[in-house]
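The primary structure of each chain is shown beneath.
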Amino acid sequence: MNYHVKLYSYKPKEDINEIVEGMGFANIAPECHKSTGFAHFMLKLAVLFIALWKLKRGDTLFLQYPYKKFFVPTCIVAHMKGAKVVTLIHDLRCFRKKKMTVKTEIKQLNQSDRIIVHNESMKHFLEQNGCKSSLTCLEIFDYLSAATPATYETPHNPYTVVYAGGLGPGRNPFLYSLDEHIHQWKLELYGKGFDNERATNWQHIHFNGMFTPDELLSVTEGDFGLVWDGNSMNGCSGNWGEYLKFNNPHKTSFYLRCGIPVIIWKKAALAPFIEREKCGLTINNLDEIDEKLASLSHEQYNEMRQKATEISARLASGYYTKKAVCWEKE
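A brief look at the structure comes next.

1. Remarks on the sheet that holds strand E11 (residues 262–265)
Phase 1: Spatial ordering of the open sheet is given by E9-E8-E7-E10-E11-E12, a layout of six strands whose pairing is parallel. Strand pairing shows two members of the sheet lacking a second neighbour, strand E9 (205–207) and strand E12 (280–283), which therefore form its edges. Between one strand and the next, the sheet's axes are offset by a mean angle of 25°, whatever the strand orientation.
Phase 2: As paired strands, strand E8 (residues 185–190) and E9 are joined by three bridges and run parallel to one another. Within the sheet, the bridge partner assigned to Leu-189 lies in E9 and is Phe-207.

Dropping the structure here:
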């Protein structure tokens with residue numbers, strides 16, 4: 001029997017819940033609405049006792065990581081019952097917010113029999129730091145939604161680039177010095193944390209507000225989606241920027257789910273996927289965007305748009321998760 005722990009959280013985890021349940025994984029957790037604080041703690045504690053009672057030899061338990069304090073105890077209980085643990089990583093805590101040392105995190109992850117990592121860069125990092133579990137790559141996060149992406153027949157003139165995500169100057173200060181570097185394109189911002197007082201005299205950047213994931217999918221119109229984080233225009237830096245070398249940012253999946261090609265940092269872990277699938281452009285710094293877009297023919301753009309549309313269909317069906325999980329079950 002295949003089980004998973006269904007905990008309501010944020011969209012990427014809830015999408016994975018839906019995909020694996022469609023694959024026949026039964027929820028081992030008590031059904032509940034979103035919980036926080038003490039209720040969330042008690043829910044995870046209940047999962048431990050239910051797993052101890054329900055799991056049998058030969059079963060598979062699918063976990064989404066981070067699972068924080070309960071990850072290791074849940075793995076131990078599953079192994080006590082003769083079950084196998086498969087874990088899909090969303091975030092490495094040793095990178096994001098520096099919540100854990102690399103050594104401690106690897107020690108935890110080694111409790112899982114198999115791990116689905118984001119990409120080859122994350123796989124290599126874990127292997128180099130002592131991860132002994134079997135590893136496979138997700139490639140990119142799927143993006144489920146009943147909403148229909150906004151459509152239009154011809155690209156904007158000039159090209160319109162979309163940036164969706166955290167807009168706070170603490171996380172992405174590059175946004176607040178970008179306007180003067182834009183000459184032949186426009187930037188449309190969507191998200192939270194926007195500092196209106198610092199957005200003075202902008203000519204090429206427009207803030208559109210914050211939307212739910214489904215709303216955003218249906219209203220976003222752009223020719224490219226920008227994947228960039230951190231402090232600098234010349235490369236992704238700072239904790240968030242450096243993390244792009246290892247993780248798959250969910251905004252990439254969002255853009256492609258919209259059928260929009262991607263502009264991404266060349267050193268990002270997802271850059272090889274974008275290049276291989278021919279669904280966008282890779283850049284070393286943000287000043288390159290003007291030249292890249294100016295030299296792009298209509299035929300080249302239409303090919304990238306078609307590739308993005310094809311990937312959109314895969315993301316909408318849970319293709320990448322199903323492929324990774326099926327591989328793990330072999």
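2. Remarks on the packing of aromatic side chains
Phase 1: One pass over the structure, following the stated rule, counts 20 aromatic pairs.
Phase 2: Plain terms: the ring middles of Phe-194 and Trp-202 are 5.9 Å apart, the flat faces sit at 65° to each other, and that makes the pair edge-to-face. The residues Phe-194 and Trp-202 share a single accessibility class, namely buried.
Phase 3: Residues Tyr-319 and Tyr-320 carry aromatic rings whose centres are separated by 4.9 Å and whose planes lie at 90° to one another, so their mutual orientation is edge-to-face.
Phase 4: Here the basic side chain of Arg-198 rests over the ring of Tyr-176, its NZ or CZ set 5.2 Å away from the ring centre.

3. Some remarks on the side chain of Asn-247
Phase 1: Take Asn-247: it is sitting in the loop between helix H7 (238–243) and helix H8 (250–257).
Phase 2: Note on Asn-247: relative accessible area 10%, which makes it buried.
Phase 3: The contacts of Asn-247, once residues within four sequence positions are left out, are His-118, Asn-119, Met-122 and Ala-269.

4. Let's talk about the pattern of salt bridges
Phase 1: For the coordinates displayed, the defined rule picks out ten salt bridges.
Phase 2: As a salt-bridge pair, Glu-21 and Lys-6 come within 3.7 Å of each other at their nearest N and O atoms. With a gap of 15 residues between them, Glu-21 in helix H1 (residues 11–22) and Lys-6 in the loop between strand E1 (2–4) and H1 connect regions that are remote in the sequence.
Phase 3: Its salt-bridge partner being Glu-277, residue Arg-276 comes within 3.9 Å of it at the nearest N-O pair.
Phase 4: Residue Glu-277 is classed as buried on the basis of its relative accessible area of 18%.

5. Considering helix H4 (residues 102–109)
Phase 1: Along H4, the positions that sit buried rather than exposed are Glu-105, Ile-106, Gln-108 and Leu-109. Within H4, the buried residues cover an arc of 160° as seen down the axis, which keeps them to one side. Seen from the buried face of H4, the exposed residues on the opposite side, beyond 90 degrees, are Lys-103 and Lys-107.
Phase 2: Against the buried residues of H4 lie strand E3 (60–65), helix H3 (71–80), strand E4 (84–89), strand E5 (114–117) and helix H5 (120–128).

Rules and cut-offs
Residues numbered from 1 in each chain as written. Predicted model: local features only at pLDDT ≥ 70, side-chain atom pairs only at ≥ 80, totals over all residues. Heavy atoms only, no water. Pairing = 2+ DSSP bridges. Helix = DSSP H or I, 4+ residues; strand = E, 2+ residues; numbered from the N terminus. Axes fitted to C-alpha atoms, helices over the stretch in contact; angles between N-to-C directions. Phe/Tyr/Trp six-rings, centres within 6.5 Å; stacked < 30°, edge-to-face > 60°. Buried < 20%, exposed > 50% of the residue type's maximum accessible area, 1.4 Å probe, protein only. Lys NZ or Arg CZ within 6 Å of the ring centre and 35° of its normal. Contact = heavy atoms within 4.5 Å. Salt bridge = Lys/Arg side-chain N within 4 Å of Asp/Glu carboxyl O. Arc of directions from axis to C-beta.

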